[in-house]
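Secondary and tertiary structure notes
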Amino acid sequence: MLLVLVDVISKFMNLGHFYGPQGVMPWEGTLAVCQAYFQNTCLINFTPYALSSSMGTDIGLLLISLTLALAALANYQARWCTLGLLVINACFKMRYFLVLNGGDLLLTWSLVWLVFLPVSTSGRFSKVPQILFLVHLCVFYTTNGLSKNGMEWMDGSALAHAWQFDFMRNPGGDALL
């Protein structure tokens, strides 16, 4: 749940740039891409964005996410809170699909795992699901590492190119530079 809190805080920090009607994906453009690419079968019509595409919708969903993450962290109805977080995360992914990255996918799959993992009342996992979750993370990062075997990754130019874009950097990355 700490990862969800970090994600929500980073979305609040980038609210004007990436999210909202004036962000990187205006509502009309999102609908046009959905209609062209998915031939009017886009699930975005079933999200809160179908009612309103204002900044208030984004802020409301982020505040609900923050509340659910804190409640799950306090072990209050953790499974239902996680399911709610998964639904809100899916809404964000459908609305802002052009600004997704691997971290977003990892967060979504982590929430899927947490919905279905048996969690005791103390908040601890049983051993088998915990091992399966760790295997999933290992497979994710191993395949990610194996896919980056080109020359541009070996000499560092791909990473340097990615860091030139402001949207790929955060304050933690700037501190490392």
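These lines cover the structure that appears in this document, whether it is placed above or below. (Residues numbered from 1 in each chain as written. Predicted model: local features only at pLDDT ≥ 70, side-chain atom pairs only at ≥ 80, totals over all residues. Heavy atoms only, no water.)

**A few points about the side chain of serine 65**
Here is the rule we go by: For helices the rule is a DSSP run of H or I covering at least 4 residues; for strands it is a run of E covering at least 2, with both sets numbered from the N terminus onward. The buried label applies to any residue whose accessible area, calculated with a 1.4 Å probe on protein chains only, is under 20% of its type's maximum; exposed applies above 50%, and partly exposed to all values in between.
Tracing the backbone through its elements, the reader meets serine 65 in helix H3 (residues 55-73). Under the relative-accessibility criterion, serine 65 is labelled buried at 6%.

**Some points on the packing of helix H4 (residues 78-95) against helix H5 (residues 102-116)**
What counts here: Inter-axis angles, ranging from 0 to 180 degrees, are taken between N-to-C directions of lines fitted to C-alpha atoms, where helices are fitted over the stretch in contact. Roughly parallel covers angles under 35 degrees, roughly antiparallel covers those over 145, roughly perpendicular covers 65 to 115, and oblique covers all other angles. With the far helix as reference, a near helix turned anticlockwise by less than a right angle produces a left-handed crossing, and one turned clockwise produces a right-handed crossing. Here, two residues are considered to be in contact whenever any of their heavy atoms come within 4.5 Å of each other. Polarity classes work like this: nonpolar for Ala, Val, Leu, Ile, Met, Phe, Trp, Tyr, Cys and Pro, charged for Asp, Glu, Lys and Arg, and polar for all others, with Gly in that last group.
Contact pair H4 / H5: the axes reach a minimum separation of 9 Å and the direction vectors enclose 150°. When the axes of H4 and H5 are compared, the pair comes out roughly antiparallel. The crossing of H4 and H5 is left-handed. Between H4, through Arg79, Thr82, Leu83, Leu85, Leu86, Asn89 and Lys93, and H5, the contact on the second element is made entirely by Asp104, Leu105, Leu107, Thr108, Leu111, Val112, Leu114, Val115 and Phe116. Looking at side-chain class alone, the contact of H4 with H5 contains 10 nonpolar, 3 polar and 3 charged residues.

**Observations regarding the nonpolar core**
Note the cut-off: Working definition of a nonpolar core: buried Ala, Val, Leu, Ile, Met, Phe, Trp, Tyr and Cys residues. They are joined through side-chain atoms within 4.5 Å.
By size, the foremost hydrophobic cluster in this structure holds 21 residues, and its most contacted members are Val4, Tyr19, Tyr49, Phe92, Tyr96 and Leu111. With 5 residues, H4 is the largest single contributor of residues to this core. Aside from chain neighbours lying at most four places away, what touches phenylalanine 92 is Lys11, Tyr19, Tyr49, Asp58, Leu61 and Leu62.

**Brief notes about H4**
Definition in use: Expected span, for any helix, means 1.5 Å times one less than how many residues it has.
With 18 residues, H4 should reach 26 Å at 1.5 Å per residue; the first-to-last C-alpha distance of 26 Å fits that figure. Taken residue by residue, H4 has Cys81, Thr82, Gly84, Leu85, Leu86, Ile88, Asn89, Cys91, Phe92, Lys93 and Arg95 as its buried positions.

**Some details on the environment of glycine 102**
Among the secondary structure elements, glycine 102 is positioned in helix H5. Exposure remark for glycine 102: the relative accessible area of 35% places this residue in the partly exposed category. Spatially, the C-alpha atom of glycine 102 lies 9.6 Å from that of phenylalanine 140, the residues being 38 residues apart in sequence.

**Brief notes about the pattern of salt bridges**
Under the convention used in this document: Between Lys or Arg on one side and Asp or Glu on the other, a salt bridge is scored when a side-chain nitrogen of the former is within 4 Å of a carboxyl oxygen of the latter.
Evaluated as defined, the whole model comprises 1 salt bridge. Between aspartate 7 and lysine 11 there is a salt bridge whose closest N-O contact spans 3.2 Å. Placement of the pair is aspartate 7 and lysine 11 together in helix H1 (residues 2-13), with a separation of 4 residues, close to one helical turn. Judged by relative accessible area, which is 16%, aspartate 7 ranks as buried. Residue class for lysine 11 comes out buried when judged on its relative accessible area of 7%.

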